[in-house]
Amino acid sequence: MRRVIALVLLSLFTGLSVAGRGQDDRLPGFAGGSSRPQREWEQAFRALPEPRVMRDAMQRLTARPHHVGSPYDKDNAEWMLARLEEWGLDAQIERFDVLFPTPKERLVEMLEPTAFTLRLDEPVLAVDATSDQKSEQLPTYNAYSADGDVTAPLVYVNYGLPEDYEQLERLGVSVEGAIAIARYGNAWRGIKPKVAAEHGAVGCIIYSDPRDDGYFSGDVFPVGPMRPKDGVQRGSVMDAPLYPGDPLTPGVGATPGAVRLDRKDAATITKIPVLPISYGDAQPLLAALTGPLAPVEWRGALPITYHVGPGPAKVHMRLQFNWDLKPVYNVIARIPGAVHPDEWIIRGNHHDGWVNGADDPVSGTVALLEEARAFATLAKRGWKPARTLVYCIWDGEEPMLLGSTEWVETHADELRQHAAVYINSDSNGRGFLGMGGSHSLEHFVNDVARAIDDPEAKMSVWKRKQLQRIATAKSAEARAEIRERGDLRIDALGSGTDYTAFLDHLGIATLDLGFGGADDGGVYHSIYDDFYWYTHFADTNFVYGVAMAQTIGTTVMRLAGADVLPFDFTGTADTARVYVKELRELLKTRQETIGERNRQIEEGVFRATNDHRRPTVAPKTETVPPYLNFAPLDNAVDALTDSARRYRAAVDAWLNADARPTAEAAGALDRLLIDSERALTSAAGLPRRPWFKHLLYAPGVYTGYDVKTMPGVREAIELKRYPEADQEIVRVAQALTAQAALVDRATASVAEAVARSRR
């Protein structure tokens, strides 16, 4: 196959005229003659988003609490539908009915050594009008916590991660039969009760420590943007690394005819009761603990001495929930494609909030609405996308991606056939452009970022991002790569927002974009995330809302208008090589660390002691990780690297030629490119969580949102499942080899199109 392609390419390069058509003059995916009109339409588009319109829309959408099942959630969906239809777009609401528990009873009290009942409430602030909407606000709670009534000693478990329990074991402390209190941070909140239950805890409390989320970082609200003493982070604790979406309908849409699990069989509902609290409520509990001193790195910023317990603090928790089905309302709008209507570019942001939700998510929602309004305006001037645009405003993201997941599962067959790219955003703020996604789109999205002006720095958003990365690089080698590499590396995606079902479940090429980093605050998922906070401490004049609409709108325009989809696989191959290197280093580090630790144990370095500064229990030796054969991955990456180079050369030469690709030839190539991300999935899914099918990216079992790259291999090493790691190496190598073969077919498709044009 490769010999045939090489011969065709030789003919291609000797026969195509590229004079006067430099690569720098042409947009990725566009023929030379197509780039100029595209840039003209983009310029017209980027002049349309208005800060005032975004501000007014945010004020309207955040006027009342709009969580799943609330009257204002439905009202917002209907208001947005009316706006889309008013602009002339074909739009509708798609409803799903999902399990969404809300609190019926919440009680946490300390019984010993003194009596103290926790407030479990966020106070009204006079300057913040919507903080007074108590009758409509969801109370502070964690969705998908189990019901429970437990009384037990309290144990402080730091961030509540597996390594924290290893440290507790070395201190001689167990959470068996206890209530664990963990601080927010370092992993998604749902991991904390999951790990606590695995270690025998009967309940879990999660609090916001001011070192991570409060006065340690700045003035608290309303003086500054940070979380106040009684502020609480609501949020889902569903075991999302198993599967997101409705717990009762895994893998299928939550439609009226769907077969639903019994709640007791829903694996993603926690095994123990869990509740979030403020640091004001947490301080008396933590101050009452004795036992070993907490390790230095476990100590927060409360004015207490941090002990781990157990005792003498004894706590009583009683939680009960209404386990009801609630409606979610997805708003879906379409602009039909004029050339390739069966190829879909899908754009999404959610609209539901935990309370008023100005930053999360409405700052992103209003940017999406401005994009849609601008496209509708351009359509009236004669602009037509080549591919169909599908604009989606999701509901139910906050409880765990309910609306997007159910929509994807319901339309899975259509999406496998038609979905080319999904572009996601969530919240938006001031600062730097965040770029994450499929690495086949890395070169493309870098090119978009170079075209957008930063509203404050007066340079491109790409340049500002590059300078930030240079300033924060951890080594001279890293700084050199950032300066010298043609494109900035984009982040790999894990989970935590609405791209998850598209990328991880169906293998649809994905981008996740948004601004932030210069306006960090501490009102996440509280009643204070509202219009007042956002317009005082975030993107106060909405210029980054405009930048977001310009950035993502340009992304959508180029994907929708390109002569061929602008996929480039050199970024995928280069990134895969980095991941293999990281896996080797992970294994080597573990071999060296465990080997050295075993040596020290055998030599008696670790001894039992009552000194709080040293372990009280001598650790045991463990098996040193064996050698793993990474050769299949090395070979697969080499094959993909070669295939990617040939494809880039072929498509560049083709698009730089005088003749524009025919719709038939471009459509045939696009079909292969659309399938390229699917090649990285496995129908069997990841070990023990088959819903997640992508073999290159996935959220971690014990990180939740944060990505694990080549997750089957990486997590097998981390979980000490070394035979499984060998098997997963082979599976990932097969997926990369399959993508390389598909890219070779794409190159052959280009060569065939060129040959046909000469007949």
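You'll find the structure just up there.
A short tour of the structure in this document, coming up. Quick caveat, the model's predicted, so the values are computed rather than measured. Sequence order sets the numbering: in each chain, residues are counted from 1 along the sequence as written. Local features in a predicted model are, by the rule used here, given only for residues with pLDDT of at least 70; side-chain atom pairs are given and counted only at 80 or more, and totals for whole chains, interfaces and linings are based on all residues. Neither water nor hydrogens contribute to the side-chain values; these are computed over all heavy atoms in the structure.

Where two aromatic rings form a pair, the distance of their centres and the angle of their planes describe that pair. For Phe, Tyr and Trp, rings pair up if their centres lie within 6.5 Å, where Trp contributes its six-membered ring, and each pair is then called stacked (planes under 30 degrees apart), edge-to-face (over 60) or tilted (otherwise). Summed over all chains, the structure comprises 25 aromatic pairs. Ring geometry for F100 and W354: centres 6.3 Å apart, planes at 40°, overall tilted. Taken as a pair, F100 in strand β1 (residues 90-112) and W354 in the loop between β10 (340-350) and α9 (358-380) lie far apart in primary sequence, 254 residues in all. Of the two residues examined, F100 and W354, each falls in the buried class. Taking the centre distance of 6.1 Å and the plane angle of 75° together, the rings of F375 and Y391 count as edge-to-face. One end of the pair, F375, is in helix α9; the other, Y391, is in strand β11 (residues 387-394), and 16 residues separate them in sequence. There is no split in this pair, since F375 and Y391 are both buried. Within the aromatic cluster, the residues linked to one another by ring pairs are F221, Y528, Y532, W533, Y534, F537 and F542. Note on criteria: charge over ring means Lys NZ or Arg CZ within 6 Å of the ring centre, with the direction from the centre no more than 35 degrees off the ring normal. When the ring centre of W344 is taken as reference, the NZ or CZ atom of R334 above it lies at 5.0 Å. The aromatic ring of F692 is capped on one face by R689, whose charged end is 5.4 Å from the ring centroid. Secondary structure elements follow DSSP: runs of H or I no shorter than four residues count as helices, runs of E no shorter than two count as strands, and numbering proceeds from the N terminus. The rule is simple: take the accessible area with a 1.4 Å probe, protein chains only, and divide by the maximum for that residue type; under 20% is buried, over 50% is exposed, in between is partly exposed.

Take helix α8 (residues 279-287) next. Taken residue by residue, α8 has Y279, G280, D281, A282, L285 and L286 as its buried positions. Measuring from the backbone nitrogen of G280 back to the side-chain oxygen at the start of α8 gives 3.4 Å, which picks out S278 as the cap. Here a polar contact is taken to be a pair of N or O atoms separated by no more than 3.5 Å, where protein atoms must pair a possible hydrogen donor with a possible acceptor and residues adjacent in sequence count only if both atoms sit in side chains.

A few words now on the pairing of β10. Of all eleven residues in β10, nine are buried, a share of seventy percent or more. Between any two strands, at least two bridges found by DSSP are needed for them to pair. Both β10 and β11 contribute to a ladder of eight bridges, which runs parallel. Bridge assignment links H350 to a residue of β11, and that residue is W394. Each parallel crossover has a hand, and for β10 linked through α9 to β11 it is right-handed. Judged from the five bridges that link them, β10 and strand β12 (residues 419-424) form a sheet pairing that is parallel. Residue pairing across strands places R347 opposite I423, the latter belonging to β12. Handedness is read with the strands pointing away from the viewer; a crossover is right-handed when the path from the first strand over the helix to the second is clockwise.

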